[in-house]
Amino acid sequence: MDNWNINEAAEYYKEQDAPQNQFALVELLKEVQENNGGVLTDDVVQEIAALLNIKPSFLNAVIKRYPSLKPAAAPHRLEICGGKNCAGNGSAALLKFIKQTYNVDNGGISVSGGFSFAVCNCLKHCGKGPNIKWDGELIKRLCGK
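Residues numbered from 1 in each chain as written. Predicted model: local features only at pLDDT ≥ 70, side-chain atom pairs only at ≥ 80, totals over all residues. Heavy atoms only, no water.

A. Focus on the pairing of strand β1 (residues 76–81). Counting buried positions along β1 gives five out of six residues, so the element sits mostly inside the fold. Note: β1 against strand β2 (residues 115–120), six bridges, orientation parallel. Bridging from a neighbouring strand, Glu79 pairs with Ala118 of β2. With helix α5 (residues 84–102) bridging β1 and the parallel β2, this β-α-β connection has right-handed handedness. In this sheet, strand β3 (residues 132–134) lies alongside β1 in antiparallel orientation, the contact comprising three bridges. Residue pairing for β3: Ile80 is matched across the bridge by Ile132. (Buried < 20%, exposed > 50% of the residue type's maximum accessible area, 1.4 Å probe, protein only. Helix = DSSP H or I, 4+ residues; strand = E, 2+ residues; numbered from the N terminus. Pairing = 2+ DSSP bridges. Right-handed = clockwise from strand over helix to strand, strands pointing away.)

As structure tokens, then:
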């Protein structure tokens, strides 16, 4: 896409009812990310927000909800199941380890900037916990039980 242009992309997705249509908004963000070195920098988020006449904080909230969208500050996303069964199967110890080792809290970005971190709802694989997702990919049975 040598002739790709963020202004044209934003106009196209506005015609698809972005940002009211969240699907269209996410598709715009994916397209921008693809044409921006695989990440969504703060500058490009600001530019999209201005083009769509929405707040950057709204865009950042949408970006956090989709593991395939990568903010430049955190190119990877780590999610740990916060369900009660996983807590009994070792996720509590895993959470403690991650917080201490990477100095990151729920909803934050690791000190190294390598990943954003979130405790999520039950991942529905209770017998195979503790469960995590790395960049949206489910990883089960971490403890080898």
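That shown, we press on.
B. Focus on the sheet that holds strand β4 (residues 137–139). An order of β2-β1-β3-β4 is seen for the four strands of this open sheet, with the pairing classed as mixed. Because the sheet does not close on itself, it has two edges, and the strands there are β2 and β4. Ignoring which end each strand starts from, the neighbouring axes of this sheet average 25 degrees apart. (Axes fitted to C-alpha atoms, helices over the stretch in contact; angles between N-to-C directions.)

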